[in-house]
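What follows is the residue order along each chain.
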Amino acid sequence: MPIGDFAFLIPVLPALAFVLTFFLGKKLPQGGAIIPIAAIAASFVISLIITINLLQNPEEVVTQSYQWFSAFNLGILIDPLAAVMLTMVTFVSLLIHIYSVGYMSHEPAKSRYFAETALFTASMLSLILSDNILQLFISWELVGLCSFLLIGFWYQKPSAASAAKKAFLTTRIGDVMFLAGIVLLTTDLFKIVNGTIPEQLYMLRFDTMFHYIPELNAMSSTILGFEVSHLTLITLLFFGGAVGKSGQFPLHVWLPDAMEGPTTVSALIHAATMVTAGVYLVARTFPMFIAAPDSLIVVAYLGAFTAIFAATMGVVMNDIKRVLAYSTVSQLGYMMLGLGVGAVIGAEAVGVSIFHLVSHAFFKALLFLCAGSVIHAVGTHDMRQLGGVAKVMPITAATMVAASLALAGFGIPKTIVGTTGFFSKDPIIEFAYLFGAEGGSWLPYIFAIIAALLTSFYIFRLIFMTFAGEPRTDYGGHESPATMTVPLAILGIFALFFGAISAKTFTHFVSETFHNNFVHVDIHALAELGNYHIAAEHGHEPLLIIWMPIIVATIGLVLAYLIYYQRAIDVSRFVTRENPLYKLLYNRYYQNEILTEFFAVKIVYESISMATYYLDRGFDWIVKLLSDIVFEAGEAFRQVQTGNIRHYATAVVLGVSLLVVLVKLVMEVI
Amino acid sequence: MIPLNFYLALSAIVFSIGLYGFMTQKNGIRILMCVELMLNSANINLVAFSSYNDDMTGQVFALFAIALAAAEAAIGFAIMMSIYKMRDSINLDDLNVLRW
């Protein structure tokens with residue numbers, strides 16, 4: 001029996017674990033943590049075997065499809081893209097679950113926590129292996145729901161409850177755009193097949209969608225005086241969904257607030273599940289993007305902008321988790337940029353971007369788990385109160401440094417010496433350079449380089465402030481238990497060495513996704529549809545360009561060392577409320593004020609309340625009028641009821657007479 | 001033979017007298033008597049038509065009406081008696097107890 005037959009178990013097992021843990025967890029030790037751990041471990045093994053199978057034989061794509069209504073289907077598709085994502089998600093999620101046993105040991109509602117994380121993982125897995133966009137959307141919503149539940153895990157805390165709501169509502173904006181894209185796509189496909197769907201054609205399955213790209217491109221509507229191809233419109237709407245889920249500008253505001261959940265949840269959201277969904281969606285529908293001239297440019301610019309925008313805020317944050325949160329937003333910007341440069345490099349962009357996604361998952365999960373380890377032991381996440389943690393927590397400190405090196409992307413170009421982040425981030429920056437060279441716009445490259453400098457600076461600022469030097473306050477602290485340190489060590493090894501051994505294979509493997517026997521599309525033909533010129537060859541960038549990322553990373557490290565360890569440069573002059581730039585950064589560009597207080601309160605809330613006020617008054621007036629009419633009429637008719645028999649007699653006589661006259665008249669007319 | 005119209009005219013006159021009394025009188029007994037008048041005017045009509053058509057149905061109907069009128073009068077007087085006991089008057093203008 002081929003392993004592909006068990007593929008459906010990958011999301012089903014964690015989903016079952018959710019049910020079991022939810023109902024039985026309270027009676028088991030550790031909140032029934034063993035159930036999701038076992039289920040996810042099994043899913044991991046199946047995913048890994050499928051991935052290895054695929055690696056050796058790229059033709060063995062797993063597909064299963066069942067009819068659902070007449071035009072849709074339910075099914076699974078495991079091609080290289082899905083396979084690596086599945087393996088990464090199950091692996092990281094498994095380690096996070098094991099770590100959670102230690103981290104959540106003092107938590108009373110353990111079984112609820114483990115049930116929800118199991119469901120979170122299950123929804124993400126089902127999102128990844130959907131073979132049609134509708135099923136993907138259903139899982140997409142489930143992921144959103146789970147993030148809501150988990151961010152608001154400590155729902156007794158008002159800040160956690162409001163952060164959960166904020167995450168849910170902000171991503172909802174993206175979700176609505178995604179849904180609108182699906183609706184538009186479905187109606188267009190119906191138009192293309194003239195409303196009669198051929199036998200065995202499932203409208204929203206990826207291969208069908210990609211097959212009709214030229215027809216979709218030919219359809220267009222006029223919006224605000226611009227002729228917009230429907231393909232551009234659909235891809236932009238899809239990208240809108242991705243912006244919401246992946247926390248890109250301007251819908252990133254929920255991600256830093258999501259820190260209100262347990263740190264392990266942050267790790268899960270930032271590394272394996274929620275935020276990667278957006279990148280995955282764009283990667284999955286990449287053939288559509290590459291055929292849409294403007295959409296990919298939007299993806300590239302927005303990604304590059306988000307990378308630098310979030311990095312600038314990471315520089316001034318004092319909360320250890322918030323620095324990491326902005327780092328995630330920034331790194332997701334890199335992934336989007338990686339996809340956006342597909343305009344010049346074709347399908348390889350997907351490979352590069354997904355490789356950064358996977359490697360980011362390793363080191364970002366590690367960063368969060370280390371931060372969690374520190375918080376667990378010390379009980380604070382304000383970096384200004386920490387310092388010298390390395391002395392009491394050597395394993396945590398060592399893994400944290402490994403993760404930071406990976407995040408900053410240290411490595412030596414042209415050799416196989418380097419951290420995972422080096423092998424995943426550098427190609428994106430190089431391709432951004434190529435994007436500039438071929439496309440004529442250097443902005444994404446400049447943004448990417450500055451963001452790399454800032455990344456290195458803020459992460460080593462975190463390291464020096466937290467782990468080096470002398471303790472600033474009197475905290476106890478102890479090394480975390482083995483359930484926590486072992487996952488840290490495993491992730492640390494991956495953060496350091498995964499890139500060196502797999503970079504080339506991985507990128508090539510994933511890029512092949514769109515050439516295999518399931519979704520075979522001709523990327524070059526599609527690119528020509530979008531009037532792109534895919535660079536014939538690359539890898540001959542000037543030496544300075546190749547060394548640039550590592551140079552800026554080193555500058556960032558040295559700056560952080562001088563300022564926060566040696567204290568050779570005194571920045572306290574700048575770090576004051578009087579400095580407008582610091583104030584701007586520290587207040588996060590006043591996005592909260594702009595978005596919530598101005599946009600939400602002033603515009604949305606007040607205009608709606610005004611409108612509803614007058615609407616309400618209007619209804620009130622109508623209802624009052626009706627009741628007045630009835631009341632007055634009753635009052636008038638009451639006078640008729642005198643109770644005097646002679647009046648009644650008169651009424652009867654008059655009535656009968658009237659009736660007679662009427663009958664007479666009617667008879668005459670007839 | 002007296003033409004039918006005469007009977008109908010008589011009936012109409014009797015009915016109008018009854019109706020006039022019904023609408024103007026205050027005394028309960030008088031009103032009952034006026035109701036009797038109106039019923040009898042209807043009976044005249046029934047009998048007249050019955051004779052005119054050579055059909056007994058109308059006369060039988062008239063007998064029914066007289067029987068019912070007698071029963072109604074009996075009950076009406078009984079009601080008048082109890083009203084009198086209660087109010088020391090049978091002036092119907094005072095008796096608007098059923099109002100609202």
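Residues numbered from 1 in each chain as written. Chains lettered and ligands numbered in written order. Predicted model: local features only at pLDDT ≥ 70, side-chain atom pairs only at ≥ 80, totals over all residues. Heavy atoms only, no water.

Asker: Give me the overall build of chain A: which residues, what numbers.
Answerer: Counting secondary structure elements, chain A contains 27 helices and 4 strands. Classification of the 670 residues of chain A by burial places 57% in the buried group. Within chain A, counting contacts between residues at least 6 apart in sequence, those at least 24 apart form 79% of the total. Looking at chain A as shown, the accessible area adds up to about 27600 Å², and 70% of this sits on carbon and sulfur atoms. Each charge sign in chain A was given a centre, from 33 positive and 42 negative side chains, and these centres are 13 Å apart. (Helix = DSSP H or I, 4+ residues; strand = E, 2+ residues; numbered from the N terminus. Buried < 20%, exposed > 50% of the residue type's maximum accessible area, 1.4 Å probe, protein only. Contact = heavy atoms within 4.5 Å. Areas by Shrake-Rupley, 256 points an atom, 1.4 Å probe, with all protein chains shown as cover. Lys, Arg positive; Asp, Glu negative; His and termini not counted. Charge placed at Lys NZ, Arg CZ, Asp CG, Glu CD.)

Asker: Account for unusual backbone geometry, naming residues and giving values.
Answerer: Excluding glycine, residues mostly have negative phi values, and the peptide bonds linking residues are mostly trans. Residues other than glycine seldom take positive phi values, yet D54(B) does so here, at roughly 55 degrees. Take D54(B): it is sitting in the loop between α2 (28–53) and α3 (57–87).

Asker: I'd like a description of the packing of helix α4 (residues 110–128) of chain A against helix α11 (residues 263–272) of chain A, backed by residues and values.
Answerer: Two numbers describe a pair of packed helices, the interaxial angle and the distance between the axes. Residue and element names in this part refer to chain A. Where α4 meets α11, the axes come as close as 12 Å, and the angle between the chain directions of the two elements is 0 degrees. Comparing their axes, α11 and α4 come out roughly parallel. Of the residues in α11, those touching α4 at Y113, T117, F120 and M124 are T264, V265, L268, I269 and A272. Grouping the constituent residues of the contact of α4 with α11 by class yields 7 nonpolar, 2 polar and no charged. (Axes fitted to C-alpha atoms, helices over the stretch in contact; angles between N-to-C directions. Parallel < 35°, antiparallel > 145°, perpendicular 65-115°, else oblique. Nonpolar A, V, L, I, M, F, W, Y, C, P; charged D, E, K, R; others polar.)

Asker: Just give me the short version of helix α17 (residues 348–378) of chain A, but keep the residues and values in it.
Answerer: Residue and element names in this part refer to chain A. Between its terminal C-alpha atoms α17 stretches 44 Å, which fits the 45 Å expected from 31 residues at 1.5 Å a residue. For α17, the principal kink sits at A361 and spans about 25 degrees. Burial within α17 is extensive, with 30 of its 31 residues counted as buried. Just downstream of α17 lies G379, where phi reads positive at about 85 degrees. (Expected span 1.5 Å × (residues − 1). Bend = angle between axes of the 7 residues up to and from the residue.)

Asker: Requested: an account of the packing of aromatic side chains, with residues and values cited.
Answerer: Residue and element names in this part refer to chain A. Taken as a whole, this structure holds 28 aromatic pairs over all chains when the rule is applied. Centroid distance F91 to F362: 5.8 Å. Interplanar angle 80 degrees. Geometry classified as edge-to-face. Of this pair, F91 sits in helix α3 (residues 80–103) while F362 sits in helix α17, placing them 271 residues apart in sequence. For the pair F91 and F362, one class covers both residues: buried. Residues F355 and F498 carry aromatic rings whose centres are separated by 6.1 Å and whose planes lie at 35 degrees to one another, so their mutual orientation is tilted. Here F355 is found in helix α17, whereas its partner F498 is found in helix α22 (residues 482–511), with 143 residues between them in sequence. Each member of the pair F355 and F498 is classed as buried. (Phe/Tyr/Trp six-rings, centres within 6.5 Å; stacked < 30°, edge-to-face > 60°.)

Asker: Any chance you could break down the environment of D628(A) for me, citing the residues and the numbers?
Answerer: All names here are of chain A. Locating D628 in the fold gives a position in helix α26 (residues 591–640). By relative accessible area, D628 is classed as partly exposed at 35%. Through-space distance from the C-alpha of D628 to that of V89 is 66 Å; in sequence the pair is 539 residues apart.

Asker: Pulling in residues and values, what's your account of the packing of helix α20 (residues 420–439) of chain A against α22(A)?
Answerer: Residues and elements named next belong to chain A. Relative orientation of the contacting elements α20 and α22 amounts to 55 degrees, with a least axis distance of 5 Å. Between α20 and α22, the interaxial angle falls into the category oblique. Residues T420, G421 and F423 of α20 touch α22, and the partners they reach there are F494, A495, L496, F497, F498, G499, A500 and A503. Classifying every residue of the contact of α20 with α22 by side-chain character gives 8 nonpolar, 3 polar and no charged.

Asker: An account of the interface of chain A and chain B is requested, with residue identities and associated values reported.
Answerer: Interface size is often expressed as the accessible area that is lost when the parts come together. Facing the 11 residues of chain A at the interface are 13 residues of chain B. Across the chain A to chain B interface the summed buried area is about 1000 Å²; carbon plus sulfur atoms make up 61%. It is I645(A), R646(A) and V653(A) in chain A that bury the most area against chain B; as a group they hold 46% of the surface buried on that side. Our count for the chain A to chain B interface comes out at 0 salt bridges. The tally of links between chain A and chain B comes to 0 residue pairs in polar contact (both at pLDDT 80 or more). Listed by contribution, the elements that provide at least two residues to the side of chain A that touches chain B are α26 and α27 (645–669) of chain A. At 5 residues, the largest contribution of residues to the side of chain A that touches chain B is made by α27(A). Looking at the side of chain A that touches chain B residue by residue, the classes come out as 3 nonpolar, 6 polar and 2 charged. (Buried area = accessible area lost by both parts, 1.4 Å probe. Salt bridge = Lys/Arg side-chain N within 4 Å of Asp/Glu carboxyl O. Polar contact = N/O pair within 3.5 Å; in protein donor to acceptor, adjacent residues only side chain to side chain.)

Asker: Tell me about the pairing of strand β1 (residues 62–68) of chain A, and please be specific about residues and values.
Answerer: Residue and element names in this part refer to chain A. One ladder, built from 7 bridges, connects β1 with strand β2 (residues 72–78); its direction is antiparallel. Considered in β2, the bridge of Y66 is made with L74. With antiparallel pairing between neighbouring strands as the criterion, β1 and β2 make up a hairpin whose turn holds 3 residues, including F69 at a positive phi of roughly 55 degrees. (Pairing = 2+ DSSP bridges.)

Asker: Describe the confidence of the model for chain B, listing the residues and the values that go with them.
Answerer: The predicted structure's coordinates, where accompanied by low pLDDT, should not be read in detail. Looking at chain B as a whole, the pLDDT averages 88, with 95% of positions reaching at least 70. In the model output, the complex is listed with pTM 0.76 alongside ipTM 0.77. (pLDDT = per-residue confidence, 0-100.)

Asker: Provide a residue-level description of the pattern of salt bridges, including the pertinent values.
Answerer: Residue and element names in this part refer to chain A. Applying the stated rule across the entire model yields 14 salt bridges over all chains. Note that R112 and E116 form a salt bridge whose closest N and O atoms lie 4.0 Å from each other. Placement of the pair is R112 and E116 together in helix α4, with a separation of 4 residues, close to one helical turn. For E116, a relative accessible area of 10% corresponds to the buried category. Here D257 ties to K166 by a salt bridge, and the two come within 3.1 Å at their closest N and O atoms. Highlighted residues: D257 in helix α10 (residues 254–257) and K166 in helix α6 (residues 158–192), separated in sequence by 91 residues. Comparing D257 with K166, the two get one shared label, buried. Within the structure, one salt-bridge network assembled from shared partners comprises E141, R172, D175 and K245.

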